[in-house]
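Chain by chain, the residues:
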Amino acid sequence: MGVKFGPLFREKGVTGQIVENLTILEGKIIAIDALVTLYEMLSIIRDRQGKPLRDSRGRITSHLVGLFNRTCRMLALGIKPVYVFDGPPHPLKLRTIQERHIRREEAEQKYIEALARGDFEEAKKYAKQAARVEDYMVSTAKTLLEYLGVPIIQAPHDGEAQAAFIVRKGDAYSVSSPDYDSFLYGSPRVIRGLRITKGGGRRGEEEIKEYTLDEVLTKLELTYEQLIDLAILIGTDFNPEGFPGIGPKRAYEYIKKYGNLERIVKLGLVRWRYPFEVDEIRAIFLNPPVTTNYKIEFKEPQREKIIEFLVEEHDFNPERVSNELEPVFKRLEREEKAGRQASLFDFFR
DNA sequence: CCTGATGA
DNA sequence: TCATCAGGG
């Protein structure tokens, strides 16, 4: 997933800004692709054999553990996450999805084999690749977020597009995503590698970095439209094959030299081999289906509901739950107090 | 992923 | 204070 912009961005000096301290994001609304987050949690939060965590009734809870910890930590820091859920995929994305299915099944097979011969290291590796976000995981995640008072936005199609739209409108500060694809949807800002633990770049850890579309376009000396054409040349989720012999480097060279995709095709530098027009795939990025029907409203977490849901229903350790939850309430109290003081100040002004 | 314990 | 590591459900 994600257009292979990495090498090109490095070469052109698109460095982004290191987020040294998460307090920089205090009070800011961050639009998060929910499905990507759940997938991440599900594939990483595993026991030693690579099996996901489950409750006593056998239902997977890895995604809830991760989502709960991270979301609480963000709220406690005053960072405001809104989770954007995908709708049904665009038809052009189906091939990418099928491809992922195949990869997943291969990984599943290797996982079973590794487990059978007791190679837990290998098993864990393949278990990650075989991870699949199922419907019940999405719905349990939504329930948890609802109890936490965190807004959920349902995208008509691509969550990434909806998240970008929200930032473009100024309703959120940034998209948080592992890749740069939000830029293709016009998000002015993307934060990569957003985690709660320090991650100050030591021990080869990925840093938390804030990138702007401005920087990307300036350093690459491209227009936004050209960035989209560049992505299509390299290969996107909607044309994952890209073009034979064309990688990020040559794609960039062509766009710089000839300006747009039509010219490059016309000159015979690449053969257009898709059953759709250039403009059709471009439109997915330039004009994606998004909804304006959302509201970003943070409510007070429902302590009892959360405990009932996590502890009673899914066997979470109550101590751990309150260790995460109480700092959120502490924060809320402080905010309320500050708010009262501000209005008092207004009154006497 | 993230925490908390442990030991330097 | 920091690095390492097990364990989470």
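Residues numbered from 1 in each chain as written. Chains lettered and ligands numbered in written order. Predicted model: local features only at pLDDT ≥ 70, side-chain atom pairs only at ≥ 80, totals over all residues. Heavy atoms only, no water.

Caption draft 1: Representation of helix α4 (residues 94-116). The first and last C-alpha atoms of α4 sit 33 Å apart over 23 residues, in line with the 33 Å expected at 1.5 Å per residue. Restricting attention to buried positions, one finds in α4 the residues Thr 96, Arg 104, Ala 107, Tyr 111 and Ala 114. In this fold, the buried residues of α4 make contact with α5 (120-129). Of the residues trailing α4, Gly 118 is marked for its positive phi of about 75°. (Helix = DSSP H or I, 4+ residues; strand = E, 2+ residues; numbered from the N terminus. Expected span 1.5 Å × (residues − 1). Buried < 20%, exposed > 50% of the residue type's maximum accessible area, 1.4 Å probe, protein only. Contact = heavy atoms within 4.5 Å.)

Caption draft 2: Fine view of the environment of Phe 165. Summarising the element assignment, Phe 165 is placed in helix α7 (residues 159-168). For Phe 165, a relative accessible area of 13% puts it in the buried group. Placed 132 residues apart in sequence, Phe 165 and Glu 297 show a C-alpha to C-alpha distance of 17 Å. Among residues more than four places away in sequence, those in contact with Phe 165 are Val 290, Thr 291, Thr 292 and Tyr 294.

Caption draft 3: Representation of the nonpolar core. Phe 5, Leu 220, Leu 227, Leu 230, Leu 233 and Trp 272 are the most contacted members of the largest nonpolar core, which has 44 residues in total. When contributions to this core are tallied by element, the ones reaching two or more residues are α1 (6-11), α7, α8 (181-184), α9 (213-220), α10 (224-234), α11 (248-258), α12 (261-266) and α13 (278-286). It is α10 that contributes the most residues to this core, eight residues altogether. Not counting residues within four places of it along the chain, the set of residues in contact with Trp 272 comprises Ile 232, Phe 243, Leu 261, Val 265, Glu 277, Val 278 and Ile 281. Counting residues in each nonpolar core, the second largest holds 42 residues, with Leu 22, Leu 25, Ile 208 and Phe 316 among its members. (Core = buried A, V, L, I, M, F, W, Y, C linked by side-chain atoms within 4.5 Å.)

Caption draft 4: Quick peek at the protein's contact with DNA strand B. Residues in close proximity to DNA strand B include Ile 44, Ile 45, Arg 70, Arg 73, Arg 195, Ile 196, Thr 197, Asn 323 and Glu 324, which together make up its full environment. Here a sugar or linking oxygen of DNA strand B sits 2.9 Å away from a polar atom, N or O, in the side chain of Arg 70. A distance of 2.2 Å separates a phosphate oxygen of DNA strand B from a polar atom in the side chain of Arg 73. Secondary structure elements with two or more residues in the surface near DNA strand B: α3 (62-76) and α15 (318-348). The class makeup of the residues in the surface near DNA strand B is three nonpolar, two polar and four charged. (Near = heavy atom within 4 Å. Polar contact = N/O pair within 3.5 Å; in protein donor to acceptor, adjacent residues only side chain to side chain. Nonpolar A, V, L, I, M, F, W, Y, C, P; charged D, E, K, R; others polar.)

Caption draft 5: Focus on the environment of Glu 241. Tracing the backbone through its elements, the reader meets Glu 241 in the loop between α10 and α11. For the pair Glu 241 and Arg 95, spaced 146 residues apart in the sequence, the C-alpha separation amounts to 9.8 Å. Leaving out residues up to four positions away in the same chain, Glu 241 has contacts with Arg 95, Arg 273 and Tyr 274.

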